[in-house]
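This is what each chain is made of:
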Amino acid sequence: MLTSNFNIIWLTAILATQYFPVLVNAQNNDPFVVDWKITGSALPDKTVMVGDVVKFEWEGMHNVAFHPSGTCDITDDTAILGETSPVEYTFTADDVGKKTFACDITGHCPAGQIITFNVKANAQNNDP
């Protein structure tokens, strides 16, 4: 029975790392790391705070671009942040609300290479 449980846990871990991107909330001002790859569906939204850093890491041909509409519409990308891994972005007070990033390589965004961050103001930023 122990071997069977171990095999299930092992298989679950392998499948999770192969088919779902890793988004790590590292402590002590370390960046959130996004395993930037095609997943088949949009990455789940993530909540961050002003001052948090996101780090997109990938292999192969990708890029990271802002998409203010929150969609894959390539005409709304306002800036390509980078075309070489890794790309880092620090959330600012101007980002409070939703901030969407996508890959603008043809077909990548509709195939799931898009993520939206819900950016919250820090408590000290709300003081008058």
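Here is what the cut-offs are and how they apply
The written sequence of each chain sets the order in which its residues are numbered from 1. Selection of residues for local features in this predicted model requires a pLDDT of at least 70, selection of side-chain atom pairs for listing and counting requires 80 or more, and totals for whole chains, interfaces and linings are taken over all residues. Calculation of side-chain values draws on the structure's entire complement of heavy atoms; hydrogens and water are dropped beforehand. Between Lys or Arg on one side and Asp or Glu on the other, a salt bridge is scored when a side-chain nitrogen of the former is within 4 Å of a carboxyl oxygen of the latter. We call a residue buried when its accessible area falls under 20% of the maximum for its residue type, exposed when it is over 50%, and partly exposed in between, using a 1.4 Å probe and counting protein chains only. In short, DSSP must find at least two bridges between two strands for them to pair. Numbering of helices and strands starts at the N terminus; helices are DSSP runs of H or I of at least 4 residues and strands are runs of E of at least 2. Angular values range over 0 to 180 degrees, each being the angle between N-to-C directions of two axes fitted as lines to C-alpha atoms, with helices fitted over their stretch in contact.

Looking now at the pattern of salt bridges. Side-chain pairs of opposite charge can arise where the charged atoms are in close proximity. Tallying each qualifying case throughout the model produces 4 salt bridges. For aspartate 35, the salt bridge is made with lysine 37, and the minimal N-O distance between the two is 3.3 Å. On the basis of relative accessibility, which here comes to 25%, the residue aspartate 35 falls in the partly exposed class.

Reading across from one edge, S3-S9-S8-S5-S6 is the order of the 5 strands in this open sheet, with mixed pairing throughout. Edge positions in the sheet fall to strand S3 (46-49) and strand S6 (80-82), since each of these pairs with one other strand and no more. Strand-to-strand twist in this sheet, taken as the mean axis angle between neighbours without regard to direction, amounts to 35°. Examined bridge by bridge, strand S5 (residues 64-66) and strand S8 (residues 97-102) share 2 bridges and lie antiparallel to one another. Bridge pairing in S8 places alanine 65 opposite alanine 102.

The next subject is the pairing of strand S4 (residues 53-57). Of all 5 residues in S4, 4 are buried; the element is thus mostly enclosed. Note that strand S2 (residues 32-35) and S4 share 4 bridges and pair parallel. Bridging across to S4, phenylalanine 32 finds its partner in valine 54. As paired elements, S4 and strand S7 (residues 87-90) share 4 bridges and run antiparallel to each other. Note that in S7 the partner of valine 53 across the bridge is threonine 90.

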